[in-house]
Amino acid sequence: VRGAMWFFIAILITKIIHELGHAYTCKFYGARVSAIGVAFLIMWPVMFTNTSESWGLESRRAKLMISAAGMIAELCLAACATLLWCILPPGPLQSTCFFVATVSWVMTIFVNLNPCMRFDGYYLLADWLGINNLQNVSFSLARWRLKTLFFGIPLAPPYALNRRLTRTLIIYALCTWVYRLMLFLGIALLIYNKMFKALGLVLCISVTIQMLITPIWSELKEYYAMRSLLQ
């Protein structure tokens, strides 16, 4: 129980510093922070900072710094916590430093840097490529490419981008689809095996419908509407 308490304290400290890093950097470059709060992702509370107004900035460097500020703040916290963990005597404070360091290193490297979810890595990639609404654009291009590749439908691309960027966005979209499907199915199976079987089964069915059946059915309806082009 005590270990779990220190773990949640570490997460809270880490996430507050992370979001404040985004907020203060955004204010530093002259953009307004419209909201800071907590959202729920698969029944798990996730803190967020709305820095969408940073897209109005002309400086690409400023956008990248705002997107990376949370991870930079978290890594600085991890380094300080690791140092304190090494020099402090055994006790609650050392345990807190250990949990803060562990959470910061793991969350930054394996979660926040992942561009397939809408965390910092996603916005860094969007800023680096200069594409607003990165997932919407890449998903549209991937669906267009699937239509032209498998059905030979002569459609113009939905966005006028160069060939290299278009290929990059399509690969990104395919990787994101596969990653999300595996992630959500894995979470559902974990809940089914370790916690509530009924809830896990409902989540499995929900993920399958939402991420497989619904998109496929939507695409099939589009193909049917364009059936004259297939002849």
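Each remark here, short or long, concerns the structure printed above.
Every value quoted in this text rests on a predicted model; they were computed, and no experiment measured them.

Thresholds, definitions, all that
- Residues numbered from 1 in each chain as written.
- Predicted model: local features only at pLDDT ≥ 70, side-chain atom pairs only at ≥ 80, totals over all residues.
- Heavy atoms only, no water.
- Phe/Tyr/Trp six-rings, centres within 6.5 Å; stacked < 30°, edge-to-face > 60°.
- Helix = DSSP H or I, 4+ residues; strand = E, 2+ residues; numbered from the N terminus.
- Buried < 20%, exposed > 50% of the residue type's maximum accessible area, 1.4 Å probe, protein only.
- Lys NZ or Arg CZ within 6 Å of the ring centre and 35° of its normal.
- Core = buried A, V, L, I, M, F, W, Y, C linked by side-chain atoms within 4.5 Å.
- Contact = heavy atoms within 4.5 Å.
- Salt bridge = Lys/Arg side-chain N within 4 Å of Asp/Glu carboxyl O.
- Axes fitted to C-alpha atoms, helices over the stretch in contact; angles between N-to-C directions.
- Left-handed = near helix turned anticlockwise from the far one by under 90°.
- Nonpolar A, V, L, I, M, F, W, Y, C, P; charged D, E, K, R; others polar.

> Please clarify how the packing of aromatic side chains should be interpreted in this entry.
The description of two aromatic rings rests on the distance between their centres and on the angle between their planes. Overall, the coordinates contain five aromatic pairs when judged by the stated rule. Ring centres 5.4 Å apart and planes at 45° place the aromatic pair Trp85 and Phe98 in the tilted group. Of this pair, Trp85 sits in helix α2 (residues 60-87) while Phe98 sits in helix α3 (residues 92-112), and the two are 13 residues apart along the sequence. Accessibility expressed as a relative area gives 36% for Phe98, which makes it partly exposed. Plain terms: the ring middles of Phe139 and Trp177 are 5.4 Å apart, the flat faces sit at 40° to each other, and that makes the pair tilted. With Phe139 in helix α5 (residues 134-150) and Trp177 in helix α6 (residues 163-194), the pair connects residues that are 38 residues apart, well separated along the chain. The rings of Trp85, Phe98 and Phe99 are connected pair by pair, giving a single aromatic cluster. We note Arg145 situated over the ring of Trp144; from NZ or CZ to the ring centre the distance is 5.9 Å.

> How should I be thinking about the nonpolar core in this particular structure?
One broad rule of soluble globular proteins: the nonpolar side chains tend to lie buried together. If you look at the biggest cluster of nonpolar residues, it comprises 14 residues, and the most contacted ones within it are Ile131, Leu134, Val137, Leu141, Leu169 and Ile170. Those elements that place two or more of their residues in this core are α4 (120-129), α5 and α6. Not counting chain neighbours up to four residues away, the residues in contact with Leu134 comprise Tyr122, Leu125, Ala126, Leu129, Leu169 and Tyr172. Ile11, Phe99, Ala101 and Val103 belong to the second largest nonpolar core, which has nine residues in total.

> For this particular structure, what's the right way to read the pattern of salt bridges?
Pairing between side chains of opposite charge can happen when their charged atoms approach one another. Going through the model one piece at a time under the given rule, you end up with two salt bridges. Across the salt bridge formed by Glu74 and Lys15, the nearest N and O atoms sit 3.2 Å from each other. Within this pair, whereas Glu74 is found in helix α2, its partner Lys15 is found in helix α1 (residues 2-28), the two being separated by 59 residues in sequence. One salt bridge in this structure joins Arg32 and Glu53, with 2.8 Å as the shortest N-O distance. Here Arg32, found in the loop between α1 and β1 (35-41), pairs with Glu53, found in the loop between β2 (44-50) and α2; they are 21 residues apart in sequence, far enough to count as distant. Residue classification places Arg32 among the partly exposed positions, given a relative accessible area of 47%. What makes Glu53 partly exposed here is its relative accessible area of 36%.

> So what exactly am I meant to see when it comes to the environment of Ile66 here?
Mapped onto the elements of the fold, Ile66 is located in helix α2. Look past the residues within four positions of Ile66 in its chain and what remains in contact with it is His22, Thr25, Cys26, Tyr29, Thr51, Ser54 and Leu57.

> Teacher, can you tell me more about unusual backbone geometry here?
The phi torsion of most residues other than glycine is negative, and most of the peptide bonds are trans. Although it is not a glycine, Asn133 sits at a positive phi angle of roughly 55°. Along the chain, the position of Asn133 falls in the loop between α4 and α5.

> Explain α4 here, please?
Given 3.6 residues to a turn, an α-helix orients residues that are three or four positions apart in the same direction. Along α4, the positions that sit buried rather than exposed are Asp120, Gly121, Tyr122, Leu124, Ala126 and Asp127. A positive backbone phi angle near 75° is found at Gly130, which sits one or two residues after α4.

> When you look at the side chain of Thr14 in this model, what are you seeing that I'm missing?
Structurally, Thr14 can be placed in helix α1. The residues contacting Thr14, other than those within four sequence positions of it, are Glu74, Leu77, Val100, Val103 and Ser104.

> Would you mind going over the packing of α2 against α3 with me for this structure?
Relative orientation and spacing of two packed helices are given, respectively, by the angle between their axes and the distance between those axes. Running from N to C, α2 and α3 cross one another at 145°; their axes reach a closest spacing of 8 Å. In this structure, α2 crosses over α3, and the sense of that crossing is left-handed. Residue-level contacts link Met71, Glu74, Leu75, Leu77, Ala78, Ala79, Ala81, Thr82, Leu84 and Trp85 of α2 to Gln94, Cys97, Phe98, Val100, Ala101, Val103, Ser104, Trp105, Met107, Thr108 and Asn112 of α3. Across the contact of α2 with α3, the residue classes break down as 15 nonpolar, five polar and one charged.

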